[in-house]
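The lines below spell out each chain.
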Amino acid sequence: MSTPLQNRVLPTGEIIAHPARGTLMGNRGGRFHTPDRTLMNSRWKSKQWIFCTLCFKSRHRRVMGQSYTELFFLDTPTALAAGHRPCFECQRAQALEYANAFPGSGRTPAPEMDAILHKERRDTRTQSTFTELPDGAIVKADEVLLKWRGKALVWSISGYTRSVVPPSGRVALLTPKSTCRALASGYVPKLHESAKALF
């Protein structure tokens, strides 16, 4: 069995090597891996951090080949927490919904969203109470938790493992503030199928 590439993204934005498959692919604006398919010191190429479908128009590519650095995510809330947004080509419907819900007046252009998210990714993570967050937000308490339908679902790289009592104190918000506002304004992310068993 081959060694997994370092291309799985955590809700914190960190990139690790792990054999579990994700449901989404994405990139950070270009290539930041070497010819031997290991990551350079940088973890991004440009401000355009997107997430995409795994299959689109029968396209095939070698992962971490000559083009951009392909990254993989468990699901939409994971990609959002890591600071990515939907791709306007392969995820157009989701991207339009996200842009329409993004803070501002009317549909926010992609470059403007990228600049705002880039600033928020670099800022210190804010503290919040779990109850005031929208569904789809991910936080770091004793464990990494997704808020969904008022419940706290424990995140893992392979899926959601169980539902726990929501934390009562303040927690570290991983999902960028602007994305939280988009979630609160009606943008609905797609969860990994493991979440279904917890409701």
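First, a word on what this report is: a plain description of the structure on this page. Just so we're clear, the structure is a prediction, and the values are computed from it rather than from any experiment.

### As for the environment of Ala172
Move 1: Within the fold, Ala172 resides in strand β12 (residues 170-173).
Move 2: Sequence spacing of Ala172 and Lys140 is 32 residues, and the spatial spacing of their C-alpha atoms is 5.1 Å.

### Focus on the pairing of strand β9 (residues 144-148)
Move 1: Burial runs high along β9: 5 of the 5 residues are buried.
Move 2: Judged by which residues are buried, β9 turns out to be covered on both faces: Val144, Leu146 and Trp148 on one side and Leu145 and Lys147 on the other are all buried.
Move 3: Taking the residues between adjacent antiparallel strands as the criterion, strand β8 (residues 138-140) and β9 are bridged by 3 residues.
Move 4: In this sheet, strand β10 (residues 151-154) lies alongside β9 in antiparallel orientation, the contact comprising 4 bridges. Note that in β10 the partner of Leu146 across the bridge is Leu153.
Move 5: The hairpin turn running from β9 into β10, its antiparallel successor, is 2 residues long, and Arg149 in that turn takes a positive phi close to 50°.

### Structural notes on the nonpolar core
Move 1: Phe51, Phe73, Tyr98 and Tyr187 are the most contacted members of the largest nonpolar core, which totals 21 residues.
Move 2: Looking at this core, the elements with two or more residues in it are β5 (71-73), α1 (76-81), α2 (92-101), α3 (110-122) and α4 (177-184).
Move 3: Sort the elements by how many residues they give to this core and α2 lands first, with 3 residues.
Move 4: Tyr98 has contacts with Leu80, Arg85, Pro86, Met113, Leu117, Thr179, Ala182 and Tyr187, leaving out every residue within four places of it along the chain.
Move 5: Core analysis: the second largest hydrophobic core is formed by 15 residues, Ala20, Ala81, Val144 and Leu174 among them.

### Focus on the pattern of salt bridges
Move 1: In the structure shown here, the tally under the stated rule is 3 salt bridges.
Move 2: Two residues, Asp114 and Arg85, come together in a salt bridge whose shortest N-O distance is 2.6 Å. Here Asp114 is found in helix α3, whereas its partner Arg85 is found in strand β6 (residues 85-86), with 29 residues between them in sequence.
Move 3: The salt bridge partner of Asp123 is Lys119, with a shortest N-O separation of 3.4 Å.

### Some remarks on the side chain of Gln94
Move 1: For Gln94, the position within the fold is in helix α2.
Move 2: Judged by relative accessible area, Gln94 falls into the buried class, the value being 7%.
Move 3: Excluding anything up to four places from it in sequence, Gln94 contacts Phe51, Thr76, Pro86, Tyr187 and Lys190.

### Topic: the state of the cysteines
Move 1: Evaluation of the coordinates by the stated rule reveals 0 disulfides.
Move 2: With no disulfide of its own, Cys52 lies 3.9 Å from the sulfur of Cys90, the closest cysteine sulfur.

### Some points on α2
Move 1: Inspection of α2 places Gln94, Ala95, Tyr98, Ala99 and Ala101 among the buried residues, and these make up the whole buried set. For α2, the angular spread of buried residues about the axis comes to 165°, placing them on one side.
Move 2: Those residues of α2 that are buried lie in contact with β4 (50-52), α1, β6, α3 and α4.

Calculation criteria
Residues numbered from 1 in each chain as written. Predicted model: local features only at pLDDT ≥ 70, side-chain atom pairs only at ≥ 80, totals over all residues. Heavy atoms only, no water. Helix = DSSP H or I, 4+ residues; strand = E, 2+ residues; numbered from the N terminus. Buried < 20%, exposed > 50% of the residue type's maximum accessible area, 1.4 Å probe, protein only. Pairing = 2+ DSSP bridges. Core = buried A, V, L, I, M, F, W, Y, C linked by side-chain atoms within 4.5 Å. Contact = heavy atoms within 4.5 Å. Salt bridge = Lys/Arg side-chain N within 4 Å of Asp/Glu carboxyl O. Disulfide = S-S within 2.5 Å. Arc of directions from axis to C-beta.

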